[in-house]
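# Examination of the molecular architecture
Below are the chains, spelled out letter by letter.
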Amino acid sequence: MRRIKLVVLLFFALIATNCTQTKVVSFTDPEAANKLFNHIAVVANIDDLSDRLVIETKMVETLLANGVNAISSLSLFPPTREFTVEQENEIFKNNNMDAIAIIQIADAGFHVTSEPINVRTETRKEGNKEVSGTTVSGGGTQQKAFGQLRVSLIDIESNKTMWVGDADAHAFFDTENPDWDMAYLLKASSKKIAKELIKTGMIKINK
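What comes next is a walk through the structure. Everything numeric here is computed off the predicted structure, so don't read it as measured data.

## Concerning the packing of aromatic side chains
In total, this model carries 3 aromatic pairs according to the counting rule given. The interplanar angle of 85° and the centroid separation of 5.2 Å between the aromatic rings of F77 and F92 together place this pair among those described as edge-to-face. Placement of the pair is F77 in the loop between α3 (73-76) and α4 (85-94) and F92 in helix α4, with a sequence separation of 15 residues. The exposure class of F92 is buried, given its relative accessible area of 4%. Taken together, the ring pairs connect F77, F83 and F92 into an aromatic cluster. The ring of Y184 has K187 sitting right over it, with the charged end atom 4.8 Å from the ring centre.

## Comments concerning the side chain of R52
For R52, the position within the fold is in helix α2 (residues 49-65). By relative accessible area, which is 14% here, R52 ends up buried. Not counting chain neighbours up to four residues away, the residues in contact with R52 comprise A44, I46, S73, L74, F77 and P79.

## Thoughts on the side chain of S73
Counting through the fold element by element, S73 comes out in helix α3. Ignoring sequence-local partners within four residues, the contact set of S73 consists of V42, V43, R52 and E56.

## A closer look at the layout of surface pockets
Looking at the largest pocket, its volume works out to about 650 Å³. For the largest pocket, the lining is made up of 24 residues, of which V43, N45, F77, E88 and F92 are closest to its centre. For the lining of the largest pocket, the elements supplying multiple residues, two or more each, are β2 (39-44), α2, α4 and β4 (99-114). Each residue belonging to the lining of the largest pocket can be placed in one class, and the counts come to 14 nonpolar, 4 polar and 6 charged.

## Digging into the environment of N45
Relative to the helices and strands, N45 is located in the loop between β2 and α2. Discounting chain neighbours no more than four positions away, the residues touching N45 are I102, I103 and Q104.

Calculation criteria
Residues numbered from 1 in each chain as written. Predicted model: local features only at pLDDT ≥ 70, side-chain atom pairs only at ≥ 80, totals over all residues. Heavy atoms only, no water. Phe/Tyr/Trp six-rings, centres within 6.5 Å; stacked < 30°, edge-to-face > 60°. Helix = DSSP H or I, 4+ residues; strand = E, 2+ residues; numbered from the N terminus. Buried < 20%, exposed > 50% of the residue type's maximum accessible area, 1.4 Å probe, protein only. Lys NZ or Arg CZ within 6 Å of the ring centre and 35° of its normal. Contact = heavy atoms within 4.5 Å. 1 Å grid on protein atoms, 1.4 Å probe; cavity = no way out; pocket = protein on both sides within 12 Å on 5 of 7 lines; lining within 4 Å. Points joined across faces, edges and corners; volume = space filled by probe spheres on them. Nonpolar A, V, L, I, M, F, W, Y, C, P; charged D, E, K, R; others polar.

As C-alpha cells, this is what we get:
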C-alpha cells in the first residue's frame, strides 16, 4: 500500500511540475562579455528555511545535472550560525567559488478565485402530482500559487553583478495543501532559473 501511495505522489508531482509556467526576463552586463565562471554558489536570500532549502536544492540539482559545478549556501553556511560578510567571502574563496547566484522572492502568494453558485429548480411529474426539486452547485474556491523571483549572478572577485533576471511564475493546479503547492512552484521556478543561467554562456559546463 505504501508503495502505491508513493507512486501516486510521484506521478502527481510530475503533473504539478509540468503545470507551472515561469517567464524569465534578464539582462547581461557589458563587462560580462569575456567572463566564464567555474564554480557557482547558490544563495537563496530568504528567511524561510523551508523555501530556501527548496530553491537552493533544486537549482544546484539542475546545474549539476547539466555539468555545472555548483553548491548550496546551506552546505557552506549552516543556518545555526551567523557569519559576517568578510567570513562569507573567505569561505567562498576557500571553496574555489568564483560566482554567486543570489535568489530573492519579491512577492509570492495565491490567486484566489470563487466559483459562482448555481441554483437549479426542476419540476417533474410523479403520478398525478408535480414535484419540484432544487439543486445547488458551485460556490467553491480555487487558490493557485504565484511567485516573483529576482536572481543575480555576482562576480566574487569584483563584487559586480554580471547578470540579473526576473522570474514570474504561476501554477495551473490547486491541491488541498497550499504549502505543497508553493513548494512545487518554487521547484519549477528554480529549475527554469538554473537553465536560464546556463544559457548566458558565462558558466563553464563540464562534459
